Every structure is written in C-alpha cells, then in structure tokens.
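One-letter residues, chain by chain:
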Amino acid sequence: MSDRAEPFVIDVDTGIDDALALLYACAHEEAQILGVSTVVGNVPLAAATRNTRAVLRLAGRADVAVWPGAPTALSISVRDASEIHGKTGLGHAVLPEPEEQAGALHAVDSIIAAARAHAGRLILCATGPLTNIALALMREPELPRLVKRFVIMGGAYAEPGNVTPAAEFNIWHDPEAARIVFRSFGGVGAAPVIAIGLDVTRKTIIDEGDLAAIASRVAGKQHASALTRFLEDASRFYFERMEKTYGRRIFTMHDPLALAVALDPTLVETRRAAVDVETSGRLTTGATIVDWRGQWGRLANAEVAVAVDAERFRRLFFEAMDRLAEGAGAT
Ligand code: RIB
Ligand code: CA
C-alpha cells in the first residue's frame, strides 16, 4: 500500500460494470479500500454481495471487507437489471464460490464508522442505487461533512435516461433515496455530489477488440488467464445485450468511470448546480433535474460531469488491467 494511499469505501450492486470498477480500484495501490458495501439493484442483495466477494478474490483482494446493505429500495419495489447483467449478475462469467465472511458488519454502520474514523479524508464512491447512502445519512447527518469526496454513478442530466426516457437506472431504482442524498450533500462545509451521469459514461466505451488487446498484451503473466477469461465472459453478455438493443457490440463503462473519477477527478469537467430528483412523476420518476440557471434559488449541491477525457480514461483502464494481470491487487 503506497504511503499516499487514500481511504476508500465503494458501494456497489455488483453487476458486470460494477465488477470492472472493483477490478480497477484493486489495481490502484493509492486506493486504500477499507471495505465494499453492497446494495440491491442490478441483482438481489445476496447476489450482489456474492459477486462482490468473488470479484475481489479474482483481483487478489479477498482480504477486503464486504458489508451487505439494503435488500430493498426505500420506497417502491422495482425490477432489477438482470436482463442487462444476466441472472447471476456477472453475465456469462463463472467465478469460484467465495468464502462466506462470518459476522459481516452491515453496510450502513460500516460506512458511518469509516467516515468517522477517517474524517475529512474518506473517499466514498457509489455505483448502484443510493439506498445505503440514504440510510447512512438518516443515521449520521454529518456524513457529508465527514467525507472528502463523494462520487456517484447516477443520473442523466442533459441526456435521455436508460430505463425510461427520463431516468437512469441507479436513480430510478430508488428515487426517494437519491432525493435524500442530493438534498443532504453540498451544503456549507459538506462535500458536493460529484455526479457521473450517462452524459459522460456514454462517451466511455470499450469493445471486444480492446479486450482482445488486453488478453494478448498480458498473455503469460501470472494472473492473466483468470482475469482475461472473466473480462471476456462477463462482458460478452453485455455486448450481446447491447447488440440486441442498439445494434452495436459495445460496453459502456458506467461504473468504472465513476471509480476512476473518485481516484482522479481531473478526468471530467464538472459544472456546479442544484440538482433534485423527481419521485412522483407519472412519466418522470427517477429523473435528475438540474437547475443550470439558478431558478430555484437553492444551494448548488452537485458537481455535474459535463465532459470526460475518454481516451485518457480508457488508457488508465487498460493499464490497470495490465497491472492486475501481473498481480497488482494481490496482497
Ligand atoms: O445506469 C447504469 C448503472 O445502472 C450502472 O451502475 C449499472 O451497474 C447499473 O447499476
Ligand atoms: Ca452498478
């Protein structure tokens, strides 16, 4: 662990892109991963938790604590995203069954404990629905003043949604939680929500040629085969789905970009604005509404990503996978 390491907590609903985000984090020794909390979203909580443990083990980080969190959204029970991520949540990939972590602490208590123990230094990154974060805020309203940086993969700010024309999946899955989160961060002395939405994640894509290039570059390295087999098997499901829906075999790097920004905020250009979440619109539930012109007269609670250095992000991702193949994550 480098002495420049920064304490991280990552909140995930491990599906395929969450898995790639976790692999990316494990390849960065400057991220001291205190723990990974899991939440219902792409798949039920138990699957998200199991997948998270299995992916951390693949990255050589079975030592990282995994904290199960909310099994249901705060408000409405909605469908999952298994049609995108597969029944297991990891597409066609099959990973060895991870050991159970006896006595795993609950996500909400663990997020709060980590923020208090690393007050002013913790970097919190959420790549799933915001249910755990909202529950943590209800128990510790000081959370926004305890974290150094809070990054979410969520929202669609000047873009159509991906679940409905108005809403992106993570916000749509628990709009009440998202509203609590956006209304709690960004005040005086509090970190803003760094909102990595579809506006920028749709600009960060990889394809099967990129994965083949990783595989040929790392061939023969100590951890290469298990890693590249996972990358190919997990993302193949996603490619098949995207081809069926959009006619293109591409992989949109939603969650890996959010993690990359949590590590290096200079990857995106942001604009400060007030953001709120629609929770009861017949057509617009889950929409993230941005007050670009200050018409609400409210505090600007978010830094909304409006541009991304996609090429530099892709390069950082490929370099991270190369390091993992050499055993970077292994403790
Ligand atoms: O809309 C994309 C987001 O929804 C990603 O976090 C993906 O994993 C799903 O949770
Ligand atoms: Ca996710």
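As the structure is a prediction and not an experimental result, all values here were calculated from the model.

Engineer: Help me understand the side chain of Thr204 in this model?
Structural biologist: In this structure, Thr204 sits in the loop between α9 (198–201) and β7 (205–207). Exposure remark for Thr204: the relative accessible area of 0% places this residue in the buried category. Among the polar contacts listed, one links the side chain of Thr204 to the backbone oxygen of Thr201, at a separation of 2.8 Å. Excluding residues that lie within four positions of it along the chain, Thr204 makes contacts with Phe251, Thr252, Met253, Leu257, Val308, Ala310 and Phe313.

Engineer: Which parts of the structure should I look at to understand the sheet that holds strand β3 (residues 66–68)?
Structural biologist: The strands making up a sheet associate through backbone hydrogen bonding, with each pair oriented either parallel or antiparallel. Taken in spatial order, the nine strands make up an open sheet running β3-β2-β1-β4-β5-β6-β11-β9-β10, and their pairing is mixed. In this open sheet, the two strands that pair with only one neighbour each are β3 and β10 (288–291). Neighbour to neighbour, the strand axes of the sheet diverge by 30° on average, direction disregarded. The pairing of strand β2 (residues 31–38) with β3 spans three bridges and is parallel. When the bridges of β3 are listed, Thr38 appears paired with Pro68. Sitting on the sheet, helix α4 (residues 107–117) touches β1 (6–12), β2, β3, β4 (122–126) and β5 (147–153), and the angle it makes with β3 is about 130°.

Engineer: What am I meant to see in the packing of helix α10 (residues 208–218) against helix α11 (residues 224–246) here?
Structural biologist: The geometry of a pair of packed helices is captured by two quantities: the angle between their axes and the separation between those axes. Contact geometry for α10 and α11: axes closest at 10 Å, N-to-C directions at 175°. Compared by their axis directions, α10 and α11 come out roughly antiparallel. Counting all contacts with α10, which are made through Glu208, Leu211, Ile214, Ala215 and Val218, the residues of α11 involved are Ala224, Thr228, Leu231, Glu232, Ser235 and Phe239. Of the residues contributing to the contact of α10 with α11, the split by class is seven nonpolar, two polar and two charged.

Engineer: Is there a simple way to think about the packing of aromatic side chains in this case?
Structural biologist: Here a ring pair, both rings aromatic, is described through the centre-centre distance and the interplanar angle of the planes. According to the stated counting rule, one finds eight aromatic pairs in the structure shown. Relative to Phe313, the ring of Tyr24 lies with its centre 6.5 Å away and its plane at 45°, an arrangement referred to as tilted. On the criterion of sequence distance, the pair formed by Tyr24 in helix α1 (residues 16–26) and Phe313 in helix α13 (residues 310–325) is long-range, its members being 289 residues apart. Taking relative accessible area as the criterion, Tyr24 reaches 2% and is therefore assigned buried.

Engineer: Can you help me understand the site of ligand 1 in this one?
Structural biologist: Close to ligand 1 lie 13 residues, the nearest being Asp17, Thr127, Asn162, Glu168 and Asp255. The separation between an oxygen atom of ligand 1 and a polar side-chain atom of Asp13 is 3.1 Å. Burial of ligand 1 by the protein chains amounts to 96% of its free accessible area of 280 Å². Cavity membership is defined here by more than half of the atoms lying within 2 Å of grid points; on that basis ligand 1 lies in the largest pocket. Listed by contribution, the elements that provide at least two residues to the shell around ligand 1 are α1, α7 (169–173) and α12 (254–263). For the shell around ligand 1, the class distribution of residues is two nonpolar, six polar and five charged.

Conventions and cut-offs
Residues numbered from 1 in each chain as written. Chains lettered and ligands numbered in written order. Predicted model: local features only at pLDDT ≥ 70, side-chain atom pairs only at ≥ 80, totals over all residues. Heavy atoms only, no water. Helix = DSSP H or I, 4+ residues; strand = E, 2+ residues; numbered from the N terminus. Buried < 20%, exposed > 50% of the residue type's maximum accessible area, 1.4 Å probe, protein only. Polar contact = N/O pair within 3.5 Å; in protein donor to acceptor, adjacent residues only side chain to side chain. Contact = heavy atoms within 4.5 Å. Pairing = 2+ DSSP bridges. Axes fitted to C-alpha atoms, helices over the stretch in contact; angles between N-to-C directions. Parallel < 35°, antiparallel > 145°, perpendicular 65-115°, else oblique. Nonpolar A, V, L, I, M, F, W, Y, C, P; charged D, E, K, R; others polar. Phe/Tyr/Trp six-rings, centres within 6.5 Å; stacked < 30°, edge-to-face > 60°. Near = heavy atom within 4 Å. Areas by Shrake-Rupley, 256 points an atom, 1.4 Å probe, with all protein chains shown as cover. 1 Å grid on protein atoms, 1.4 Å probe; cavity = no way out; pocket = protein on both sides within 12 Å on 5 of 7 lines; lining within 4 Å. Sits in = over half its atoms within 2 Å of the grid points.

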